[in-house]
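Descriptive analysis of the structure
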Amino acid sequence: MAILGTGAWGSALSTLAAANGYHIKLWSRRSCQTLTEVVKDADIILSAVSMKGVRDIISQLQLVKISPKTILVTATKGLDPQTTCTPSQIWQKAFLKNPVAVLSGPNLSKEIQKGLPAATVVASEIDGVAEMVQLIFSSYRFRVYTNQDPLGVELGGTLKNVIAIAAGVCDGLELGTNAKAALVTRGLAEMVRVGVDWGAQQDTFYGLSGLGDLLATCNSPLSRNYQVGYQLASGKKLSEIIEHLEGTAEGVNTTQVLVRRARVQKISIPIAEQVHRLLQAEISPQQALWELMQRDVKPEYE
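This text gives an overview of the structure that appears in the document. (Residues numbered from 1 in each chain as written. Predicted model: local features only at pLDDT ≥ 70, side-chain atom pairs only at ≥ 80, totals over all residues. Heavy atoms only, no water.)

Notes on the overall build of the chain
Along the backbone of the chain there are 14 helices and seven strands. Since a compact globule built from 302 residues should have a radius of gyration of about 19 Å, the 19 Å found for the chain is in line with a globular shape. With respect to the three principal axes, the spread of C-alpha positions in the chain is 60 × 40 × 35 Å. Counting all 302 residues of the chain, 54% fall into the buried class. Look at the contacts in the chain between residues 6 or more apart in sequence, and 70% of them connect residues 24 or more apart. Per element, the accessible surface of the chain, about 14700 Å² overall, is 52% carbon and sulfur. (Helix = DSSP H or I, 4+ residues; strand = E, 2+ residues; numbered from the N terminus. Rg over C-alpha atoms; globule rule 2.2 N^0.38 Å. Buried < 20%, exposed > 50% of the residue type's maximum accessible area, 1.4 Å probe, protein only. Contact = heavy atoms within 4.5 Å. Areas by Shrake-Rupley, 256 points an atom, 1.4 Å probe, with all protein chains shown as cover.)

Right, here's the structure in full:
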């Protein structure tokens, strides 16, 4: 098995698979081995690179002869700025004959590296593919479920990053438990609206890769997206925050792409809209709160 990307997430996944006795080859831009050497004869290739590195990795792999039987697993959370496609959609378009799976869940890398218990989801539309990946990572400390809705699993892990930024702002402003509960709940409603419009199954968003991941990232300082919101609430500039983050806060790019597509599709995402304006420095955290609270009254369910 080859794992592309040796950041916190890729390293955590390699540790889990190695503990189960699987031979793992790791690759990053700083690797001594070439990408060709790492993926040679691999029955599974898992990509844990950031969203901005996905197309570059794919371009390099297209120059390598990969068996059509090789399973391609994406563990990236984000949206492509040019096309608004998810990582799995980009992978599948580039490798039409290969089975593609998505791995996503409430998986804060530092907790997994400590051996703390966690669960995740592997999704694929092709029978047996998710089950194969499930066996590689399942253990007494990492429970892996399967799902047949890869788009929903992927969007859950991607869209929650936007709400996690808002949750960080909420805590940074010390707005309290009531406000946080309302924010996360209405944030989930936005995720469902977007996901269903894009073709995902509604139930998926109430599972581990949706609600589960949302709860994890909206309540943990370990979440980079949460940290972005928390520090924005303290008055720091976005450029300064990003410069000092350990890794990429995918929610920053995702917010821009999501808002652009939602406006075209006429999908109501008021929380994401305010996060977008905040990231663009158009409003202050206090103004964002005020505008959300002053919206017209409406039914909870439409």
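What to know about the layout of surface pockets
The gaps of empty space that remain are located by a probe, the size of a water molecule, rolled over the atoms. Estimated volume of the largest pocket: approximately 1200 Å³. Together, 41 residues line the largest pocket, and A8, W9, R224, G247 and T248 are the ones closest to its centre. Of all the secondary-structure elements, those providing two or more residues to the lining of the largest pocket are α1 (8-19), α5 (109-113), α7 (150-172), α9 (208-219) and α10 (224-233). Its residues placed into classes, the lining of the largest pocket shows twelve nonpolar, 19 polar and ten charged. What lines the second largest pocket is a set of 28 residues, and nearest its centre among them are L183, R186, I271, L292 and M293. When contributions to the lining of the second largest pocket are tallied by element, the ones reaching two or more residues are α7, α8 (177-198), α13 (270-279) and α14 (285-293). The element that contributes the greatest number of residues to the lining of the second largest pocket is α8, accounting for six residues. (1 Å grid on protein atoms, 1.4 Å probe; cavity = no way out; pocket = protein on both sides within 12 Å on 5 of 7 lines; lining within 4 Å. Points joined across faces, edges and corners; volume = space filled by probe spheres on them. Nonpolar A, V, L, I, M, F, W, Y, C, P; charged D, E, K, R; others polar.)

Thoughts on the packing of α7 against α13
With their axes 9 Å apart at the nearest point, α7 and α13 run at an angle of 70° to one another. Considered as vectors, α7 and α13 are oriented roughly perpendicular to each other. In this structure, α7 uses V162, I163, I165, A166 and V169 to contact α13, whose residues at the interface are I271, A272, V275, L278 and L279. Looking at side-chain class alone, the contact of α7 with α13 contains ten nonpolar, no polar and no charged residues. (Axes fitted to C-alpha atoms, helices over the stretch in contact; angles between N-to-C directions. Parallel < 35°, antiparallel > 145°, perpendicular 65-115°, else oblique.)

Some points on a nonpolar patch on the surface
A contiguous nonpolar patch, built from L175, L289 and M293 and spanning about 270 Å² of accessible area, is present on the exposed surface. Along the chain, the position of L289 falls in helix α14. (Patch = residues over 30% accessible without salt bridge, like charges linked within 9 Å, V, L, I, M, F, W, Y side chains within 5 Å. Salt bridge = Lys/Arg side-chain N within 4 Å of Asp/Glu carboxyl O.)

Notes on the pairing of strand β3 (residues 44-47)
With burial as the criterion, each face of β3 is covered, one bearing I44 and L46 and the other bearing I45 and S47. The pairing of strand β1 (residues 2-4) with β3 spans three bridges and is parallel. Paired with L4 across the strands is S47, a residue of β3. Examined bridge by bridge, β3 and strand β4 (residues 71-74) share four bridges and lie parallel to one another. Each residue of the ladder has a partner; that of S47, found in β4, is T74. (Pairing = 2+ DSSP bridges.)

Some remarks on the packing of α8 against α9
As a packed pair, α8 and α9 sit with axes 11 Å apart at the nearest point and diverge in direction by 140°. Of the possible angle classes, the one that applies to α8 and α9 is oblique. Viewed along their axes, α8 and α9 form a crossing whose handedness is right-handed. Between α8, through K180, V184, L188 and M191, and α9, the contact on the second element is made entirely by G210, L211, L214, L215, C218 and N219. (Left-handed = near helix turned anticlockwise from the far one by under 90°.)

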